[in-house]
Amino acid sequence: MIDYVVRRLLYALPLLIGINLLTFVLFFVVNTPEDMARMQLGQKHVTAEAIDKWRHERGYDQPLFWNAKGEGADRLTQTIFYQKSLGLFLFRFGRSDAGRDIGADIGQRMWPSLAIAIPSLLVGLAVHIGLALLLVFFRLTYLEFWGVALCVALMSISTLFYIIGGQFVIGKLLQLTPISGYDGGWNAVRFTILPVVIGTVAGLGSGVRWYRTLFLEEVEKDYVRTARAKGLSEARVLFSHVLKNAMIPILTGVVVVLPLLFTGSLITESFFAIPGLGSYTIDAINQQDFAIVRSMVFLGSVLYIVGLLLTDISYTLADPRVKLN
Amino acid sequence: MPVLLPTDILFLSMLLGLVVLVFYTVRQEHLRRPWRAVMRSRSAMISLVILLAYLLIAVLDSIRIPVSPNGHVNSSSAPIGEPVTLLDFGLGGIRDGQERTYSAPLAVVAHAREMTRQPDGREVWSYPRLEFGGRHLANPEHDHAGDLSRRAVSGLLIGFAGWALVVGLMILVLASRRRSNMIGFVRLAWRGETELPWRAIALTLLMISLIAGVVSELSHEYHVLGTGKVGEDVFYQSLKSIRTGVLIGTLTTVATLPLALTLGILAGYYRGWVDDVIQYLYTTLNSVPGVLLIAAAMLVMQSHMARHEAEFASLATRADFRLLALCLILGMTSWTGLCRLLRAETLKLRELEYVQAARVLGVSQGMILLRHILPNLFHLVLISVALDFSSLVLAEAVLSYVNIGVDPSTESWGNMINGARLEMAREPVVWWSLASAFVFMFALVLPANLFADAVRDAFDPRCPE
């Protein structure tokens, strides 16, 4: 087991190096620091001194890979690649282009993200799996046909409409919850209800359809027939036997997104004005703060790779037949 | 002489390629069989008719002709003003019918009251008349409903006549191809006993032509879906957005197709270190969360455009470049899935007898790849275009909302929603921009989903015909 984990971690290393290089090329080679400075300071009427000053303040005035002016190790360390890109491996994110400490911002902003993302995931899972099991329970009836048709219709609606419509109906017409905003402590609950409800409804179509296909695959298997032959009720068969055995494909989908919950959802957070990492990224995009976007790209990739690793480990815990080697 | 922007060229040549592919597929029995299952499905054919209607509008909106400012096609060699698409040309009246600000669908007066000065000098707090909507009515309170219903009825009649003409021609062609008489064919089709669901196709066409008839009759004198914040016609905006949506849905997969095809085939056919390198490449790209990669690439692209401002002289080329870049960037995040599929399929194909036979007979490797592997991969490409289409159309809206989508000057549903997101908070509510974007998107994405389902079912090896 430990052997396997170590091997997987070593395998993740070249991937991380690749991602690091990719972000470096995107942000410093394709798009030079001078372009960044120009964009931040305004396109026209910008003097060369202003650009140099901007670059110097943010440490973008060093050479990319090789500092010929330096001595000894400085030749490698006094470069943009070493200072800005390699630091990401140690989660040293440095300062944003606006001068804020990115690491501290992330540490502070991940909590609101989690406060929205975790309930959304749990409620969504429970509702989607429950409804999917119901559809399977009523399989080969009109109820199933129209249920699936409804799922396809729900899938065809953009998330934006769910959010705008939900805010309008629940927040404005019925005035059940605040339309947007966030507050610390227990007050946060009031603000999480609407995003969680809307998130669940928005994912209903694709979620229910996906779990339904998983269950349908299980429901034809021999052990299900045996369980029925023993005289168990259909509900008992579905909710205990089938659900348990469908756990592995469900796990694949869930565990892989667990680490990414930290980074939150871009759209939800910006619509509901939640000060999490999703809206942090959006703000950075709008302000064209390259340092923050670069950090978030790397962080997101690391979390995704961690998720893949966790998925593999969770297989062995859920299914004793799976052996890692 | 038509003026073509880069996306137009790509889009039209993609359609050309599709037509060639269809002709090729029709002549190969083993390729044709799964498609026949798709054609037999009623929901798939209804969806296909609706999708083709959308496609037609997108094509009309991709052929640009230079016109002079007074709206006539310019015959001289130097065009004045921006070139106009065939769709704009057909919708001339709607495009020019500007209002000052919001007005409800089919209204004759503005949405909000204003202080207006009467001819006798008094100032009245009332709803001002629109400049375009219902301007032919002398007495709007009295004539409005009557005029609307008269136009709706005549629109229905025109739509029905157009439909009857098209369906009549279809019956004529189909009956003569089956060498049966027309009445007999119609009877068969109506009972649903033909191989293809012709009745469903005809009814879908009827619905489309009735809607088109009514809308075109009404749009001569009214804003059918109202006007937006600066008085632009919402219906025109929604129609123009079709091209953006369809283009992003199709071009994205097609633009990165050469990459996915080459790498997928190479990895699958040569295996060994080539396979390792290519797998490493797409696993790395795949590990970056999609939205973030798109955001990063769009930021870099924006700064590239800012640096080369001189190359993007006109607004249209700028917007067009950005649309193309968005397609490529979206494609960058989605080609990995297709590449993996192609690799797996090539791995399977290279071991088949006919490929081995070709190898033994001394056919060159390039020839084997080109003649024996490539044609048998194309169904995967079509399936993935069909499957990705709807999610890409939906993604466009979200990305435009986050400001990393198409250019703000490009008409797109995402931009419409983005512009309208504060309108729900107004009193009284301005609902028509959002509702139009919703209806137009839903009417495209739902058929796309249904069609993709039928395609997937037909090609799924687990449930054979």
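Source: prediction; values computed, not measured. (Residues numbered from 1 in each chain as written. Chains lettered and ligands numbered in written order. Predicted model: local features only at pLDDT ≥ 70, side-chain atom pairs only at ≥ 80, totals over all residues. Heavy atoms only, no water.)

A.B. asks: Looking at this model, I keep getting lost on the overall build of chain B. Mind explaining?
C.D. replies: Within chain B, the secondary structure is distributed over 18 helices and four strands. Dimensions of chain B, computed from C-alpha atoms along their principal axes, come out at roughly 95 × 65 × 50 Å. Looking at chain B as a whole, 48% of its 465 residues qualify as buried. A sequence separation of at least 24 residues applies to 71% of the contacts in chain B between residues at least 6 apart. Looking at chain B as shown, the accessible area adds up to about 22,900 Å², and 66% of this sits on carbon and sulfur atoms. The positive charge centre, built from 39 side chains, and the negative charge centre, built from 38, are 8 Å apart in chain B. (Helix = DSSP H or I, 4+ residues; strand = E, 2+ residues; numbered from the N terminus. Buried < 20%, exposed > 50% of the residue type's maximum accessible area, 1.4 Å probe, protein only. Contact = heavy atoms within 4.5 Å. Areas by Shrake-Rupley, 256 points an atom, 1.4 Å probe, with all protein chains shown as cover. Lys, Arg positive; Asp, Glu negative; His and termini not counted. Charge placed at Lys NZ, Arg CZ, Asp CG, Glu CD.)

A.B. asks: What should I look at first to understand the pattern of salt bridges in this one?
C.D. replies: Close approach of charged atoms lets side chains of opposite charge pair. Counting across every chain of the model gives 22 salt bridges over all chains. Note that R225 of chain A and D222 of chain A form a salt bridge whose closest N and O atoms lie 3.6 Å from each other. Here the residue R225 of chain A and the residue D222 of chain A both occupy positions in helix α11 (residues 222-229), the gap between them amounting to three residues, near one helical turn. Take R225 of chain A: its relative accessible area is 54%, and that puts it in the exposed class. A salt bridge links D453 of chain B to R456 of chain B, with the shortest nitrogen-to-oxygen separation between them at 2.8 Å. Taken as a pair, D453 of chain B and R456 of chain B lie in helix α18 (residues 432-459) at a separation of three residues, close to a single helical turn. (Salt bridge = Lys/Arg side-chain N within 4 Å of Asp/Glu carboxyl O.)

A.B. asks: Explain the pairing of strand β3 (residues 114-117) of chain B to me, please; I cannot follow it from the model alone.
C.D. replies: In the case of a regular strand, side chains alternate between the two sheet surfaces. Residue and element names in this part refer to chain B. Note: β3 against strand β4 (residues 123-126), four bridges, orientation antiparallel. Within β4, the residue paired with M115 across the bridge is W125. The antiparallel hairpin formed by β3 and β4 contains five residues in its connecting segment, where G121 sits at a positive phi of about 95°. (Pairing = 2+ DSSP bridges.)

A.B. asks: Would you mind showing me how to read the domain arrangement of chain B here?
C.D. replies: Many authors give the size of an interface as the accessible area that is lost as the parts come together. When its domains are assigned, chain B resolves into domain 1 (137-219) and domain 2 (239-450). Domain 1 of chain B and domain 2 of chain B are separated by 36 Å when their C-alpha centres are compared. (Domains from an automatic or database assignment.)

A.B. asks: Whenever I open this one, the interface of chain B and chain A confuses me. Can you help?
C.D. replies: Contacts between the two partners involve 46 residues from chain B and, on the opposite side, 45 residues from chain A. For the chain B and chain A pair, buried surface summed over both sides reaches about 3,900 Å², with 74% attributable to carbon and sulfur atoms. Along the contact surface separating chain B from chain A lie one salt bridge. As a salt-bridge pair, D453 of chain B and R209 of chain A come within 2.8 Å of each other at their nearest N and O atoms. Connecting chain B to chain A are five residue pairs in polar contact (both at pLDDT 80 or more). Those elements that provide at least two residues to the side of chain B that touches chain A are α11 (272-287), α12 (290-307), α16 (378-401) and α18 of chain B. Take the side of chain B that touches chain A: its biggest share by element is twelve residues, from α12 of chain B. Tallied by class, residues from the side of chain B that touches chain A come to 31 nonpolar, eight polar and seven charged. (Buried area = accessible area lost by both parts, 1.4 Å probe. Polar contact = N/O pair within 3.5 Å; in protein donor to acceptor, adjacent residues only side chain to side chain. Nonpolar A, V, L, I, M, F, W, Y, C, P; charged D, E, K, R; others polar.)

A.B. asks: Just checking my understanding: could you explain the side chain of T346 of chain B for this structure?
C.D. replies: Tracing the backbone shows T346 of chain B in helix α13 (residues 315-349). Every residue in contact with T346 of chain B, bar those within four places of it in the chain, is listed here: G264, I265, G268, Y269, I373 and L377 of chain B.

A.B. asks: Would you mind going over the packing of α11 of chain A against helix α12 (residues 234-245) of chain A with me for this structure?
C.D. replies: Between two packed helices, the angle of one axis relative to the other and the distance separating the axes together describe the packing. All names here are of chain A. Contact pair α11 / α12: the axes reach a minimum separation of 10 Å and the direction vectors enclose 150°. By the angle between their axes, α11 is roughly antiparallel relative to α12. Of the two elements, α11 crosses α12, and the hand of that crossing is right-handed. Across the interface between the two elements, Y223, V224, A227 and R228 from α11 touch E234, V237, H241, V242 and N245 from α12. Residues belonging to the contact of α11 with α12 are distributed by class as follows: five nonpolar, two polar and two charged. (Axes fitted to C-alpha atoms, helices over the stretch in contact; angles between N-to-C directions. Parallel < 35°, antiparallel > 145°, perpendicular 65-115°, else oblique. Left-handed = near helix turned anticlockwise from the far one by under 90°.)

A.B. asks: When you look at helix α3 (residues 42-60) of chain B in this model, what are you seeing that I'm missing?
C.D. replies: The periodicity of an α-helix, 3.6 residues per turn, causes residues three or four positions apart to be oriented the same way. Residue and element names in this part refer to chain B. Along its 19 residues, α3 runs 27 Å from first to last C-alpha, staying within 8% of the 27 Å computed at 1.5 Å per residue. All buried positions along α3 are accounted for by A44, M45, S47, V49, I50, L51, Y54, A58 and V59. The inward-facing, buried residues of α3 contact α1 (6-27), α2 (29-40), α8 (198-219), α9 (234-255), α17 (413-420) and α18. (Expected span 1.5 Å × (residues − 1).)

A.B. asks: Would you mind showing me how to read the side chain of T336 of chain B here?
C.D. replies: Residue and element names in this part refer to chain B. For T336, the location among the structural elements is in helix α13. Overall, T336 belongs to the buried group, its relative accessible area being 3%. For T336, the residues in contact, after removing those within four places along its chain, are Y282, L285 and N286.

A.B. asks: For this particular structure, what's the right way to read the nonpolar core?
C.D. replies: Where a protein is soluble and globular, its nonpolar side chains tend to be buried together. By size, the foremost hydrophobic cluster in this structure holds 184 residues, and its most contacted members are Y211 and F215 of chain A together with W413 and I417 of chain B. Viewed by domain, this core spans two of them, domain 1 (137-219) and domain 2 (239-450) of chain B, each represented by three or more residues. (Core = buried A, V, L, I, M, F, W, Y, C linked by side-chain atoms within 4.5 Å.)

A.B. asks: Looking at this model, I keep getting lost on helix α3 (residues 48-57) of chain A. Mind explaining?
C.D. replies: All names here are of chain A. Turning to α3, its buried residues are I51, W54 and R55. For α3, the angular spread of the buried residues around the axis is 95°, confining them to a single face. The exposed residues of α3 that point more than 90 degrees off its buried face are E49, K53, H56 and E57. Buried-residue contacts for α3 involve α2 (33-41). Backbone geometry just after α3 places G59 at a positive phi near 70°. (Arc of directions from axis to C-beta.)

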